Amino acid sequence: MSNARTVALETLIKVFNQKSYSNIALNNELIKHDLKPADKALATRIVYGTIQYKIFLEYQLKPLIKTKLRDSFLKPLLLMSAYQYFFLEKVPANAIFDEANKLAKKYSKRNSGSYKLINGILRALERQGEILPPTNDLVEYLSIKESFPKWLVEYLLDHFGENKTKEILVRSNQPAANSIRMTTKESDFEEIKEELKKDNFSFEESSLTPHNLNLNKGGVAQTALFKNGKITIQDAAASLAVDAFDFKGSEQVLDACSAPGGKTVQIAENLTTGSVIALDIHENKLRLVRNAAERLHVSDKVKTKALDARKTKEYFNQGQFDKILVDAPCSGLGLIRRKPEIRYEKSLNDIKNLAKIQLAILESVSGLLANGGELVYSTCTISYEEDEGVVKQFLKLHPDFELIPVQVGKLPKQEMVRIFPSSDGSDGFFIAKLKKRG
Ligand SMILES: C[S@@+](CC[C@H](N)C(=O)[O-])C[C@H]1O[C@@H](n2cnc3c(N)ncnc32)[C@H](O)[C@@H]1O
């Protein structure tokens, strides 16, 4: 039996029991089992949905599991069956339970009783229906309903209030947009849109910027438009960080944390005689930056170097760069819709530790900026400590820098830009622009 649910179960066993990354584990299983496109889509939905709603699903199953689950496949199978039961409206309960029973038979050791156990628990789940904690404990209620750890719900409530928190949680559980950036000049956008239509894509313009479109489906990497570098896959919010610079074209630019290179190529597109040096601490990731530069025909303007951005003073000269981008490593809370497991992996401690690394990177590169030069600091997170907190600490230590209000895309001019995961599917993001006096 090789079908969508076998692939989903194999993947979830690796993710939950062996701590594998979901995208890598799923990809390996999809390669092993040659599924039809519809089955591929179903397996993907079950895997990501089950991970996304793990806390909610465990809460539903907890009152029904009365014995120790000995076989290692049992918990992943129960979770994915419960996910389908609650979230896949078009699949009848009987079909979900039959498939679960078949998988239980296949995976059970003989006489282990696992098959009967699965059947019993899932039938009991049907009788029980959805359960939620009382709404008077808002943290517990939202944690279960939207499947986020309690510390994170509490953190969001403290910083953004009840309405914004609910919005962030709900939107983080919605699918990410299939977002592309048109890399050409604005006058060619219409031509690109026509070509996309010919390739059977429909789209809407991003609510954040005219150079990004949200496509109705994936698969754009197979098109000539992508292969020729006229479009690239990039989140709309992320693309705004580079737009915050005021380019002349002749600048020397440092991209301090560059892989996989989405912003490096965008910087290079803005340069004529200038060039960009792209750093990353992981040498193997720099290959992705070089590939992106080649596809977008900007290789002549991009040099890569493996380096810890906290050690840049040892390699570059004071005042060597006119512009510096620090798109920092961060907790990724703005990316939860793309990487659902982030919510279970990060802690408040991680946020605090990352803030120290971010400040150390800013500290290291600050001396390399020429007087009058621009420094853009960005993250794909929404935590205060990593965003405004880092910028404010940096400014306290560096009175030679000033904060410059930012106007990017369709957004109003702001002191610092915070984008929450948005209704049209963009990631959460933060952008601040600093200028070195002189
Ligand atoms: C948010 S990602 C950058 C995304 C990239 N700017 C883009 O637009 O495609 C952060 C990157 O920083 C790298 N990184 C982490 N710690 C670093 C350090 N100390 N020095 C340089 N790069 C680092 C990570 O390997 C990761 O590729």
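Residues numbered from 1 in each chain as written. Predicted model: local features only at pLDDT ≥ 70, side-chain atom pairs only at ≥ 80, totals over all residues. Heavy atoms only, no water.

### Some details on helix H16 (residues 348-366)
- For H16, spanning 19 residues, the distance from its first C-alpha to its last is 27 Å, which sits close to the expected 27 Å at 1.5 Å a residue.
- What H16 keeps buried is the set Ile351, Leu354, Ala355, Gln358, Leu359, Ile361, Leu362, Ser364, Val365 and Ser366. (Helix = DSSP H or I, 4+ residues; strand = E, 2+ residues; numbered from the N terminus. Expected span 1.5 Å × (residues − 1). Buried < 20%, exposed > 50% of the residue type's maximum accessible area, 1.4 Å probe, protein only.)

### Here we look at the site of the ligand
- Surrounding the ligand, one finds 19 residues, the nearest of these being Lys263, Asp280, Asp308, Ala309 and Asp327.
- Between the ligand and Gly261 there is a distance of 3.2 Å, counted from an oxygen atom to a backbone nitrogen or oxygen.
- Between an oxygen atom of the ligand and a main-chain N or O atom of Gly262, the distance comes to 2.9 Å.
- Within the complex, the protein chains bury 86% of what would otherwise be the 600 Å² of accessible surface of the ligand. (Near = heavy atom within 4 Å. Polar contact = N/O pair within 3.5 Å; in protein donor to acceptor, adjacent residues only side chain to side chain. Areas by Shrake-Rupley, 256 points an atom, 1.4 Å probe, with all protein chains shown as cover.)

### Side note on the pairing of strand S6 (residues 275-280)
- Of all six residues making up S6, six are buried, and the element is well covered by its neighbours.
- Residue alternation in S6 divides its side chains into two sets, Ser275, Ile277 and Leu279 and Val276, Ala278 and Asp280, and both sets are buried.
- Sheet analysis places strand S5 (residues 252-255) next to S6, joined by four bridges and oriented parallel. Bridge assignment links Asp255 to a residue of S6, and that residue is Ala278. (Pairing = 2+ DSSP bridges.)

### Digging into the UniProt feature "binding site: S-adenosyl-L-methionine" (unreviewed entry) in the chain
- Here, UniProt's "binding site: S-adenosyl-L-methionine" (unreviewed entry) annotation points to Cys257, Ser258, Ala259, Pro260, Gly261, Gly262, Lys263, Asp280, Asp308 and Asp327.
- Note on placement: Ser258 falls in the loop between S5 and helix H13 (262-269).
- Discounting residues that sit within four places of it in the chain, Ser258 has contacts with Thr264, Ala278, Leu279, Asp280, Leu286 and Val289.
- Tracing the sequence through the fold places Gly262 in helix H13.
- With relative accessibility at 33%, the residue Gly262 sits in the partly exposed group.
- Residue contacts for Gly262: discarding those within four places in its chain leaves Arg181 and Gln234. (UniProt positions renumbered as here; feature names shortened; annotations may be inferred. Contact = heavy atoms within 4.5 Å.)

### Observations concerning the environment of Arg338
- With respect to the helices, strands and loops of the structure, Arg338 is situated in the loop between strand S8 (321-327) and helix H15 (342-345).
- Through-space distance from the C-alpha of Arg338 to that of Phe203 is 19 Å; in sequence the pair is 135 residues apart.
- If we ignore the near neighbours within four places in the chain, the residues touching Arg338 are Ala176, Ala177, Asp235, Gly425 and Asp427.
- There is a polar contact of 3.2 Å between the side chain of Arg338 and the side chain of Asp235.

### Points about the pattern of salt bridges
- Counting across every chain of the model gives 28 salt bridges.
- Taking the shortest distance from any N to any O, the salt bridge between Asp188 and Lys185 comes out at 3.4 Å.
- Taken together, the shared-partner salt bridges in this structure form one network comprising Glu10, Lys14, Glu29 and Lys32. (Salt bridge = Lys/Arg side-chain N within 4 Å of Asp/Glu carboxyl O.)

### Description of the sheet that holds strand S1 (residues 178-182)
- Taken together, the four strands give an open sheet; going across it, the order is S2-S3-S1-S4, and neighbouring strands pair in antiparallel fashion. The open sheet terminates on both sides in strands that have one partner only, identified here as strand S2 (203-205) and strand S4 (231-233). In this sheet, adjacent strand axes meet at a mean angle of 35 degrees when their direction is disregarded. (Axes fitted to C-alpha atoms, helices over the stretch in contact; angles between N-to-C directions.)

### A few points about the nonpolar core
- Counting 54 residues, the largest nonpolar core has Ile267, Ile419, Phe429 and Ile431 as its most contacted members.
- Elements supplying a minimum of two residues to this core: helix H8 (138-146), helix H9 (150-172), helix H12 (236-243), H13, S6, helix H14 (286-295), strand S11 (417-419) and strand S12 (429-436).
- A total of seven residues in this core trace back to one element, the largest contributor, which is H9.
- Counting contributing residues per domain, this core is built from domain 2 (138-173) and domain 3 (238-436), each supplying no fewer than three.
- Those residues in contact with Phe429, other than ones at most four positions away along the chain, are Ala237, Ala238, Ala241, Lys263, Asp327, Ser378, Thr379, Cys380, Thr381, Val417, Arg418 and Ile419.
- With 44 residues, the next largest nonpolar core counts Ala25, Phe56, Phe73 and Leu74 among its residues. (Core = buried A, V, L, I, M, F, W, Y, C linked by side-chain atoms within 4.5 Å. Domains from an automatic or database assignment.)

### Points about the UniProt feature "active site" (unreviewed entry) in the chain
- Feature annotation in UniProt assigns "active site" (unreviewed entry) to the following positions: Cys380.
- Take Cys380: it is sitting in the loop between strand S9 (369-379) and helix H17 (388-397).
- Discounting residues that sit within four places of it in the chain, Cys380 has contacts with Cys330, Gly332, Leu333, Gly334, Leu335, Gly428 and Phe429.

### Description of the pairing of S8
- Counted residue by residue, S8 has six buried out of seven residues, so it is predominantly covered.
- Where S5 lies against S8, three bridges are found, and the strand directions are parallel. In the sheet register, Leu254 faces S8, and the bridge partner there is Ile324.
- Judged from the six bridges that link them, S8 and S9 form a sheet pairing that is parallel. The residue bridging Asp327 from the neighbouring strand is Ser378, located in S9.

### What about the packing of aromatic side chains?
- Per the stated rule, a full pass over the model turns up 14 aromatic pairs.
- On the basis of an interplanar angle of 70 degrees and a centroid distance of 5.6 Å, the ring pair of Phe56 and Phe87 is categorised as edge-to-face. Of this pair, Phe56 sits in helix H4 (residues 54-61) while Phe87 sits in helix H5 (residues 74-87); the two residues are 31 residues apart in sequence, bridging distant segments of the chain.
- Between Tyr377 and Phe430 the ring centres are 6.4 Å apart and the planes differ by 70 degrees, which places this aromatic pair in the edge-to-face class. Separated by 53 residues along the polypeptide, Tyr377 in strand S9 and Phe430 in strand S12 bring together distant segments of the chain.
- A relative accessible area of 0% means that Tyr377 is categorised as buried.
- Overall, the relative accessible area of 0% leaves Phe430 in the buried class. (Phe/Tyr/Trp six-rings, centres within 6.5 Å; stacked < 30°, edge-to-face > 60°.)

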